[in-house]
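# Observations on the model geometry
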Amino acid sequence: MNIEKTIIEAAKSLKNSKIKNPYLDSELLMSKVINKDRKYIILNSKKKLSSKYLENFKNLVHRRKMREPVAYLTNTKEFWKQKYFINKHVLIPRPDSEILVEETLKLYDKKKKISLLDVGTGSGCLLLSILKERKNFLGTGVDISKNAINIAQFNAKVQQLNNRVKFYISDIDKFLIGKYDLILSNPPYIKKFDLKYLDEDILLYEPKMALDGGSDGFSEITKVINKASDLIKRNGKFILEIGYNQKNETINRLINKNFYINKIVKDYGKNDRCIISTKI
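Within any chain, residue numbers begin from 1 and follow the written order of that chain's sequence. Restriction of local features to residues with pLDDT of at least 70 applies here, the model being predicted, together with a cutoff of 80 or more for giving and counting side-chain atom pairs; totals for whole chains, interfaces and linings are based on all residues. The side-chain numbers reported here are obtained from all heavy atoms of the structure, hydrogens and water having been left aside.

## Structural notes on the sheet that holds strand β4 (residues 138-143)
Paired strands, in this sense, are two strands between which DSSP finds at least two bridges. Note on conventions: DSSP H or I runs of at least 4 residues are helices, E runs of at least 2 residues are strands, and numbering of each starts at the N terminus. If you walk across this open sheet you meet the 7 strands as β5-β4-β3-β6-β7-β9-β8, and the pairing is mixed. The open sheet is flanked by β5 (165-169) and β8 (259-266), the only strands paired with a single partner. The average angle at which neighbouring strand axes cross in this sheet is 15°, direction not considered. The sheet contact formed by β4 and β5 spans 5 bridges and is parallel. Its bridge partner lying in β5, Asp143 is registered against Ile169. Contacts between residues were defined by any pair of non-hydrogen atoms, one from each residue, lying within 4.5 Å. Inter-axis angles, ranging from 0 to 180 degrees, are taken between N-to-C directions of lines fitted to C-alpha atoms, where helices are fitted over the stretch in contact. Sheet strands in contact with helix α10 (residues 219-231) are β3 (115-119), β6 (180-185), β7 (232-241), β8 and β9 (272-279), and its direction is about 160° off that of β7.

This is the structure:
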C-alpha cells in the first residue's frame, strides 16, 4: 500500500475512535515511521511502503486510538521555534506557555546579561527557548523529577546550550543555589478533584505530578511564590503561569511576599494565563 492510501485509511480509523485531528495525526505518525517530514509525504504520496513500515505505522495508530498523545508517540513537540524531545516523563509543551517566552523577550533586549531560574523545568522548553533567543543569559532549571532533568539536559545538548545552563534535581522547597534576576515557572495548578475531567489524552498519559496542584490548586503555586521570594534579587522579575480562575488569589499571595504586580497576560483563549511581577 502507498503512503497516501495508508494515511487515509488510518485517518478514517482514528476518526471512528473520535480522535480530534485524525488526518494530521496520521501524517505525523507516518513522518515518524519513515523518518521524513510532511513535505516529503505530500510529494511522495504514491510511494509504496514496506511491510516493516506498515507494521510500525499500524502499531502507532492503534496506540493513538487508545488516546496516547501524538507527541509521546513521536517523541517530539514543537515549541516556540524549536523541536523538543519529550516522553511520558514530562508534560507536553503547550502553545499557551509560549506566552512566558514572549513576555520574557519583551522585558530584556539582546545585550542584557541576566541569570534566569526556571522552576519545574520539565523538558526545558521554556528555559531553552529563552536562552536560544538571548545569548547573554545564563540559565538554571530545577525539577523534582530525575527523568525530567535528563530530558532537559538532552534538549540543551541538542540545541548546543549546555554551556549556558545548569540543571538540578530538587524540590523547590529545598533548592538553595543562587540569586536570580528573573524567575519563571509553569507549576502544577489543577485542583486534584478536577483532574478526572481532563481529556483522556492528558489524564491517562501525562505525568500527574506535573498537573496536580493539590486540593485547592494552589499548593505548588504557593511553594513557588514563597521560594521565589527568597531566590530572586531585589527588582527582579517573576513570571508565573496560572489557571484561568486563579488570578485574584495568586495576586494576593504575591503581594504578601512583596511582589509588585506589573501585568496580567491572557492566553489565546482570552483566559488569564500569566502574571508578571517585580520583587520590591
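## Examining helix α1 (residues 3-16)
Working rule for helices: expected span equals 1.5 Å times residues minus one. Here α1 contains 14 residues, and its C-alpha end-to-end distance of 20 Å stays within 8% of the 20 Å for a straight helix at 1.5 Å per residue. Looking only at α1, the buried set comprises Ile3, Thr6, Ile7, Ala10, Ala11 and Leu14. Down the axis of α1, the sector holding all buried residues measures 130°, keeping them to one side. Across from the buried face of α1, at angles greater than 90 degrees, the exposed residues are Lys5, Lys12, Lys15 and Asn16. Looking at the buried positions of α1, the neighbouring elements they touch are α2 (22-34), α3 (38-43) and α4 (51-65). Put simply, Asn2 is the residue that caps the front of α1, since its side-chain oxygen is 3.2 Å from the backbone nitrogen of Glu4. Note on α1: the residue one or two positions beyond its end, Lys18, has a positive phi of about 65°. Burial classification: accessible surface area is computed with a 1.4 Å probe over protein chains only, and a residue below 20% of its type maximum counts as buried, one above 50% as exposed, and the rest as partly exposed. An arc is given here, and it is the one of the directions from the helix axis to the C-beta atoms. Polar contacts, as counted here, are pairs of nitrogen or oxygen atoms within 3.5 Å of one another; within protein the pair requires one atom able to donate a hydrogen and one able to accept it, and residues that are adjacent in sequence qualify only if both atoms are side-chain atoms.

## Brief notes about unusual backbone geometry
Only a minority of non-glycine residues have a phi that is not negative, and only a minority of peptide bonds are not trans. Backbone geometry at Trp80 places phi at a positive 55°, although glycine is not the residue there. A residue is classified by how much of its surface remains accessible, and Trp80, at 27% relative accessible area, is partly exposed. Non-glycine residue Gln160 carries a positive phi angle of around 55°. On the secondary structure map, Gln160 appears in the loop between α8 (146-158) and β5.

## Regarding the nonpolar core
Generally speaking, nonpolar side chains in soluble globular proteins are found buried as a group. To qualify as a nonpolar core, a set must consist of buried Ala, Val, Leu, Ile, Met, Phe, Trp, Tyr and Cys residues joined through side-chain atoms within 4.5 Å. Counting 35 residues, the largest nonpolar core has Leu128, Phe167 and Leu184 as its most contacted members. Among the elements that line this core, the one with the most residues is helix α7 (residues 125-133), at 6 residues. Those residues in contact with Phe167 that lie beyond four places of it in its chain are Thr121, Leu127, Leu128, Gly141, Ile149, Ala152, Gln153 and Ala156. Counting residues in hydrophobic clusters, the runner-up holds 27 residues, among them Ile183, Ala228, Ile232 and Ile251.

## Some words on the pattern of salt bridges
Between Lys or Arg on one side and Asp or Glu on the other, a salt bridge is scored when a side-chain nitrogen of the former is within 4 Å of a carboxyl oxygen of the latter. Counted according to the given criterion, the structure contains 19 salt bridges. Across the pair Asp201 and Arg64 runs a salt bridge whose closest N-O atoms are separated by 3.0 Å. Here the residue Asp201 occupies a position in helix α9 (residues 200-205), and Arg64 occupies one in helix α4, the gap between them amounting to 137 residues. Here the two residues Asp201 and Arg64 agree in accessibility, since each one is buried. The salt bridge involving Asp272 is made with Lys266; its shortest N-O contact spans 3.0 Å. Counted as one network, the salt bridges with shared partners bring together Asp25, Arg64 and Asp201.

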